[in-house]
Structures are given as C-alpha cells and as structure tokens.
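# A look at the structure
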Amino acid sequence: MAPTVRGYFTADEVRAAEAELFERVAAGVPMRRAAHGLATVVARELRERTGGIAGRSITLLVGSGDNGGDALWAGAALRRRGVAVTAVLLAPERAHAAGLAALRRAGGGIRDAAIGIPAEVIGTPDLVVDGIIGISGRGALRPRAAELVAAVDTVIVAVDLPSGVDPDTGAVDGPAVRADVTVAFGAHKPVHALAAPWCGRIELVPIGLHLPQPNLAALEPISIGRDWPVPGADDDKYTQGVTGICAGSATYPGAAVLCAGAAVAATSGMVRYVGSAAAEVLARYPEAVAARDLADAGRVQAWVFGPGAGTDEHARERLARILATDVPVVVDADGLTLLAAEPDLVSGRSAPTVLTPHAGEFERLTGDGPGPDRVAAVRRLAAEWEVTVLLKGRATLIAAPDTLTLVNEAGGSWAATAGAGDVLTGIIGALLAAGHDPQWAAAAAARVHALAANLAAHRGGVGTAPVSASPLLGELRSAIRTLRALAEVD
C-alpha cells in the first residue's frame, strides 16, 4: 500500500489551481468560501478565548490583494453576528472594493493605517486578523505594517499565511507576523511546515481546488503506524532485520549506546555492534551482539556509521569498508566529516545511502549552508550525490533523487539536544534493515523521533521539562505504540 501523505503546494501551483477553479464556479464563490471558513475559525477562537462572540471586538489588518478581501468579507460576516469590527487599510485606494463595501454595509468601521499612533490605530481588540500579504507577496513587512503588527498585544489569526513569511521557503528576512492560528485556503503551502512557529495552529478551509501531485509532502502518522515493521507469525530475529552499528569510541562511548539502543527500541530483530564501546553497549543492551572488528561482525541487512566514531584513518578505513558492501548504509556525524573530505566513497553505490546532516554538516558536504530555500538545497545534494539526504531541523527534510521531498514538522524543538541525532540514526538503520525504502525509513524515523521527544518533555504531568537524549530514547517504544494505535483505530 502506498504511503498516505499530506501535500504542500507552492504559490504557483495554488494559483494555477485557483485559475482552474475560477473557470468552474461563479465569480466570487471562492472568496466567499474562504471568507466563510475564516469567519468560522475567528468566531471559534473568540468563543474559546473570551467565552462569547457577540459584543467582542476584532481588528482587521487589510492589504491590497485578495488576502485583504478575504479578511473584509469575513469581517462583514462577523459584524452580522454582533462582533465589533474595524478594518485598518494599509493601501486604502487599492483595498478590495466588494469586500470593503460589504463591511461598510454590515456596519464595520474603517481606518487609514497611515494616520495615527500604531497602538491607537490597532485599538484594544480581542483578536487581530492578519490580511496584509497573501501568497503572491514576498519579503518582509513594510515599515508601517511592521509598526502596526508590533503594536498588537492579542491573538493573531493569519489569512492563508503570516504576512512577511515566504510562502514557498518559509524564510523570514525581516519583520513578519507571528500568528497564533493560520487559516489556510484550499491547500497547505510549504510555509505551513517550513515556518510552523510563525504560523501557529493550522486550520485548512477547503474551497474546491483540484491540486496536482505534490512535490513536497509529509507522511501521515496513521500511514507510519500502519507500515511500521511488526513481527509476523513466521518471523524470527533474522527476518525482522539485522542492524549493524559502527559508532562510538573511547572518547564518545555514549554515542554508541544511544545509537545501538535506538535500533533495539525500533524493533530491529538483532543489533550487531562493532567498535571500542562494546562494554558500554552490552552493559545497557545485553541483547546486542558485539565485535571489535568488521571482519567479525557477521551478516547485517543495514549499516549505521558515524556517531562518535572519530575521523582518523582507522575510522575512514571502516567507513570505506562499510560503503563497499551491498547493503543500505546510514552515515551521520563523524562519518559525514569523512565524506566531506572524500565524497567519492559514496559514488556508484548500488545499495541505498542515507546522509543525515544538520546545517553545519550540510555546509561541510556542499561548501555552502542550506540557505533560505532549504528544500531546493537538500534536493540538489540528493541529486548530485545520488543519495537520500535527511536535513535536520524543526522541519526536517528528506530528499531522494527523482521523487517528491518529504518533510517532518516536529511540533517543537525538544529533540535539539546532544545525542538526539545518534538516536535518530539508529532508528533509520533499523527501518532500513527491515527492508523499508530509504526515504520512507528516514521520514518515519524523524516522525517517531519527534514524537518520542515530545512525550519525554511532557512526561509526568502538565507542562514541559527539558529533554536529554536518554529520556527521548526511553520513549521510543511509546511513540511507536502511539502510531500503531492510530493505524489500528483507522
């Protein structure tokens, strides 16, 4: 069964779909659908945050495009429900005429954004709607818009995307809106995954778009739970996948423990460890099989190399031997430093190779950082090196040649801690050993890893607590069970 994904569509893809929609439906229908959805979300936010709708007040920050029109039409609908609505027009001469007329007929107030002290222009509303810039906009907020947004001291609901955040890359290069809720029209856009902290909670409002196959997508949690390897009636420790771990050193034995432990927790049938931290690994995971040298390791279905392994000639020789095998290999940490100096080690491999850099390691591999367009950067590296690349971050990207790119938005940064990457690498290795496609393995591992970090952060009650790699590792099985349970309910 093909994985179930949530697609993210670029501004150009959405505009093309909107043009086709305009040919199918009567004029004004798409905007009315969008405005109705926006008004519904705003009304719900008012009710949940203030206890009611009638008698509450909102301020609309209105730009010159259809985004501003959506806000104006939604404001008119909310005014008819008893909400006091004031529209602040950033370009009065170019405001959406029909939407502006509708708000006036409903009794809404109108202000010129250019006149007055920003705090007085905004007022003291219960909620602010950001309708400044839509998907056609690029760049940071202009000075007056930035002053108004800075004066907001309440909940912000963004129309389609937060103004000042790039719709396709999620880049922020100046003043921008940081929304509490973003109401997406018709489709999720890359910004909703790549710049999630700026978007807040995402609410999707269908408006009838016919969309193409996505080039950027996220694996749905139910799909991950459904396809996670689970032993069947005829399985044994070998058929479930044997994961080889070559990690750690006398200086960094913990890297070996975390990496091997992740492979064990991720339901690998057997973990074979090679390295100088065998005593530490076996003390924590006696089910692992340890050897000092690759020649004594035995057969594996996938190799993991790099965390804490060192970058000396001995480490380089081990990496070269592992990459010369005909099984999938995950390379992380010190292994990436070695590859940056000798990229030919991965060229021409017949078996899959997965690289898992963070931004600094990415720069070592390519000579340049990912830059503002992380999606394009990770795709280039995957295509040029003919490997699967997992670029770490809150929005982790997974690219492989000639296929869509996957993204995992972690929902937080709890996994940004020392040793967490070693855990992620071990999970990927276990999934590769079980026979999974490398891109799926990397994306599914990233999802489980993020969920485990969030479980660790919230374990023990309401609120959050700092997370280190060991508690994260301890929650891996709980995270897997959670996703499996979702699939079973579905």
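Everything that follows concerns the structure shown earlier in this document.
Residues numbered from 1 in each chain as written. Predicted model: local features only at pLDDT ≥ 70, side-chain atom pairs only at ≥ 80, totals over all residues. Heavy atoms only, no water.

In an α-helix, one turn spans 3.6 residues; hence positions three or four apart end up facing the same way. Residues of helix α6 (residues 143-150) that are buried: A145, A146, L148 and V149. For α6, the angular spread of the buried residues around the axis is 160 degrees, confining them to a single face. Relative to its buried face, α6 has exposed residues pointing more than 90 degrees away, namely P143 and A150. Contacts made by the buried residues of α6 are with β2 (57-62), β3 (84-89) and α5 (118-122). (Buried < 20%, exposed > 50% of the residue type's maximum accessible area, 1.4 Å probe, protein only. Helix = DSSP H or I, 4+ residues; strand = E, 2+ residues; numbered from the N terminus. Arc of directions from axis to C-beta. Contact = heavy atoms within 4.5 Å.)

Our focus in this paragraph is the pattern of salt bridges. Going through the model one piece at a time under the given rule, you end up with 20 salt bridges. The salt bridge partner of R15 is D12, with a shortest N-O separation of 2.5 Å. Of this pair, R15 and D12 are both found in helix α1 (residues 11-24), three residues apart, which corresponds to roughly one turn of the helix. In this structure R15 comes out as partly exposed when scored by relative accessible area, which is 30%. With relative accessibility at 54%, the residue D12 sits in the exposed group. Here E93 and R94 are joined by a salt bridge, their closest N and O atoms 3.7 Å apart. Note on R94: relative accessible area 47%, which makes it partly exposed. Residues joined in a network through salt bridges with shared partners are R44, E45, R49, R201 and E203. (Salt bridge = Lys/Arg side-chain N within 4 Å of Asp/Glu carboxyl O.)

Moving on to the sheet that holds strand β13 (residues 302-305). Spatially, the eleven strands line up as an open sheet ordered β1-β9-β18-β17-β16-β15-β14-β13-β10-β11-β12, and their pairing is mixed. Each having just a single partner strand, β1 (5-8) and β12 (289-291) make up the two edges of the open sheet. When the angles between neighbouring strand axes are averaged without regard to direction, this sheet yields 20 degrees. In this structure, β1 lies alongside strand β9 (residues 216-219), joined through four bridges in antiparallel fashion. Note that in β9 the partner of V5 across the bridge is L219. (Pairing = 2+ DSSP bridges. Axes fitted to C-alpha atoms, helices over the stretch in contact; angles between N-to-C directions.)

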